Amino acid sequence: MASLVAPDHADSVTDAEALRKAVQGWGTDEEGVIRVIGHRNAAQRKQIKVEYERLYSEDLIKRFESELSGNFEVEPNTPSIYYVSIFDVRAVYRWMLDPFDREAVLANVAIKKKDYRVIVELSCIPSSEELLGLRRAYQARYKHSLEEDVAAYTTGDIRRLLVLLVSAYRYESDATDPKLSEIEADVFHKAIKDKTYNDDEIVRIIGTRSKAQLVTTFYRYRDVHGTSINKSLSDDHDNEFVSLLQTAIRCIKDPVKHLEKVLRYATQGSGTDEDALTRVIVTQAERDLEGIKDLYRKRNSVALEDVVAKETSGDYRKFLLTLLGKGDL
């Protein structure tokens, strides 16, 4: 369930005018801007961009991109909320992108940073049609395919796994084959026992089977061997290929559980991982963020909103809390 609180109807002209004020001049009403863009769904935000270009002959997204092109250091007394910090900019900019375009940007950034867990997340959580939409948006934005860039920035077994995952078009059905699950659970067990994690059959199964079939196989493995596949892989979790395999399994089996874990790791320890925090909140505010919040509270005995309020500051905090459903409409 989505955490975003948005009205059924919104005046896109008024919203466009408010954003224009936010990127020009002095004395910006930052909280007023956050109240607008933090309470608009994807369709409403798309209409804001249309009206902005009609009114000002300027592409709103390109304007945001220009804010990202300069130094990441903040000058004193900078007026616009989009200059407050790089994390403010990223959160607002990514929120205003169309969903598929946003995920294309996230994929491109992850490829260049070699953050391959994000690539696995973006390829294994969406439906087949959603992944296809991401791939089309990536090609339109970067003028080459997602598969091409993944292959260019990776090598060996990791390349083989990731290229298959990002190019997959899984069969969407709840139908499963119990006999096949039994056979393929045995394939996983043998590979784990022999530590041949990069076996062609493992990569093929993870990269091509329907999610329903894979989940049945995962449960079959647990029922026969008394532990989950991921726990069986834990002895070698320092192996990058194994770690990516575990991420794929988590994303396919229980995306909410996976994303809660991402947020838990992002908000615990010596410092907050703002990239991961922003990514999950911005991408899930219109999807499953309520379920993620509920699981976060159960697992950590504290509300995600309280942690975000403690670990972030300024307009970045206000914006994230608004997407979490805590801002005023």
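Below is a short write-up of the structure. (Residues numbered from 1 in each chain as written. Predicted model: local features only at pLDDT ≥ 70, side-chain atom pairs only at ≥ 80, totals over all residues. Heavy atoms only, no water.)

Throughout the structure, instances matching the rule amount to five cavities of 30 Å³ or more. Volume-wise, the largest cavity comes out at about 90 Å³. Glu 103, Glu 121, Leu 122, Ile 125, Pro 126, Leu 259, Arg 279, Thr 283, Gln 284 and Arg 287 together form the lining of the largest cavity. Going through the elements one at a time, helix H7 (116-124) and helix H17 (274-284) are the ones with two or more residues in the lining of the largest cavity. (1 Å grid on protein atoms, 1.4 Å probe; cavity = no way out; pocket = protein on both sides within 12 Å on 5 of 7 lines; lining within 4 Å. Points joined across faces, edges and corners; volume = space filled by probe spheres on them. Helix = DSSP H or I, 4+ residues; strand = E, 2+ residues; numbered from the N terminus.)

The next thing to look at is unusual backbone geometry. The phi dihedral of Lys 143 is positive, around 65°, even though this residue is not glycine. Along the chain, the position of Lys 143 falls in the loop between helix H8 (128-142) and helix H9 (146-153). Accessibility expressed as a relative area gives 66% for Lys 143, which makes it exposed. For Lys 195, which is not glycine, the phi dihedral falls at a positive 60°. Among the structural elements, Lys 195 can be located in the loop between helix H11 (178-194) and helix H12 (200-208). (Buried < 20%, exposed > 50% of the residue type's maximum accessible area, 1.4 Å probe, protein only.)

In this section: H9. If you check which residues of H9 are buried, you get Leu 146, Glu 147, Asp 149 and Val 150. Taken end-on, H9 shows its buried residues confined to a sector of 165°, consistent with a single buried face. Where H9 is buried, its residues contact helix H6 (99-113), H7, H8 and helix H10 (156-166). (Arc of directions from axis to C-beta. Contact = heavy atoms within 4.5 Å.)

What follows is about the layout of surface pockets. Its boundaries defined by the atoms lining it, the largest pocket holds a volume of some 1,400 Å³. What lines the largest pocket is a set of 48 residues, and nearest its centre among them are Arg 117, Glu 121, Arg 250, His 258 and Val 262. In this structure, the second largest pocket spans a volume of roughly 220 Å³. Surrounding the second largest pocket, 12 residues form its lining, Lys 49, Asp 59, Ile 61, Lys 62 and Asp 101 being those nearest its centre. Every element with two or more residues in the lining of the second largest pocket is listed here: helix H3 (42-56) and helix H4 (60-68). If one sorts the elements of the lining of the second largest pocket by residue count, H4 sits on top with four residues.

Here the structure, examined in full by the defined rule, presents three aromatic pairs. Ring geometry for Phe 188 against Phe 218: centres 6.4 Å apart, planes inclined by 75°, an arrangement best described as edge-to-face. Note that Phe 188 is positioned in helix H11 and Phe 218 in helix H13 (residues 211-225), a separation of 30 residues in sequence. Under the relative-accessibility criterion, Phe 188 is labelled buried at 2%. Taking relative accessible area as the criterion, Phe 218 reaches 3% and is therefore assigned buried. (Phe/Tyr/Trp six-rings, centres within 6.5 Å; stacked < 30°, edge-to-face > 60°.)

Summarising the element assignment, Thr 312 is placed in the loop between helix H19 (304-311) and helix H20 (314-323). Only 2.5 Å separates the side chain of Thr 312 from the backbone oxygen of Val 308, close enough to count as a polar contact. If sequence neighbours within four positions are ignored, Thr 312 has contacts with Leu 277, Arg 317 and Leu 320. (Polar contact = N/O pair within 3.5 Å; in protein donor to acceptor, adjacent residues only side chain to side chain.)

Look at H10 against helix H15 (residues 240-253): their axes get within 9 Å of each other, and the N-to-C directions meet at 20°. The angle between H10 and H15 places the two elements in the roughly parallel class. The way H10 lies across H15 gives a crossing that is left-handed. Together, Asp 157, Ile 158, Leu 161 and Leu 165 of H10 and Glu 240, Phe 241, Leu 244, Leu 245 and Ala 248 of H15 make up the contact between the two elements. Across the contact of H10 with H15, the residue classes tally to seven nonpolar, no polar and two charged. (Axes fitted to C-alpha atoms, helices over the stretch in contact; angles between N-to-C directions. Parallel < 35°, antiparallel > 145°, perpendicular 65-115°, else oblique. Left-handed = near helix turned anticlockwise from the far one by under 90°. Nonpolar A, V, L, I, M, F, W, Y, C, P; charged D, E, K, R; others polar.)

Before going further, it helps to examine the state of the cysteines. Going through the model one piece at a time under the given rule, you end up with zero disulfides. Here Cys 124 is not cross-linked by a disulfide; its sulfur's nearest cysteine counterpart is in Cys 251, at 5.8 Å. The class of Cys 124 is buried, set by a relative accessible area of 0%. (Disulfide = S-S within 2.5 Å.)

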